[in-house]
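Geometric and topological summary
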Amino acid sequence: MAGASNEDFGRIAYDAYCESVGYVSHYTKDALPDWESLAEPVQSAWCAAANSVLNHLMLLERGRN
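The structure displayed is predicted, hence computed values, not measured ones. (Residues numbered from 1 in each chain as written. Predicted model: local features only at pLDDT ≥ 70, side-chain atom pairs only at ≥ 80, totals over all residues. Heavy atoms only, no water.)

Things to note about the nonpolar core
Core analysis: the largest hydrophobic core is formed by seven residues, namely Tyr14, Cys18, Val21, Leu32, Trp35, Leu38 and Cys47. What Tyr14 contacts, discounting residues up to four positions off in sequence, is Leu32, Pro33, Asp34, Trp35, Leu38 and Trp46. (Core = buried A, V, L, I, M, F, W, Y, C linked by side-chain atoms within 4.5 Å. Buried < 20%, exposed > 50% of the residue type's maximum accessible area, 1.4 Å probe, protein only. Contact = heavy atoms within 4.5 Å.)

Digging into unusual backbone geometry
Excluding glycine, residues mostly have negative phi values, and the peptide bonds linking residues are mostly trans. The backbone phi angle of Tyr23 is positive, close to 60 degrees, even though this residue is not glycine. Along the chain, Tyr23 turns up in the loop between helix H1 (6-20) and helix H2 (40-64). The class of Tyr23 is partly exposed, set by a relative accessible area of 44%. The backbone of Lys29 shows a phi angle near 70 degrees, a positive value even though the residue is not glycine. Checked against the element boundaries, Lys29 lands in the loop between H1 and H2. (Helix = DSSP H or I, 4+ residues; strand = E, 2+ residues; numbered from the N terminus.)

Shown next, in the form of structure tokens:
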């Protein structure tokens, strides 16, 4: 995780989501855009989601030590 930014993790999460759904929106059936084409609020939402998961994992890890 060292050296990775919040945006990096948002992008990783979004890319994993796209791959898991075959790069097609289940809602519109349109192709999902690449990260660079996403509107800033959508990128921010993915970053927030990824950050939440990372924070949860860090709390779990602290509980093990």
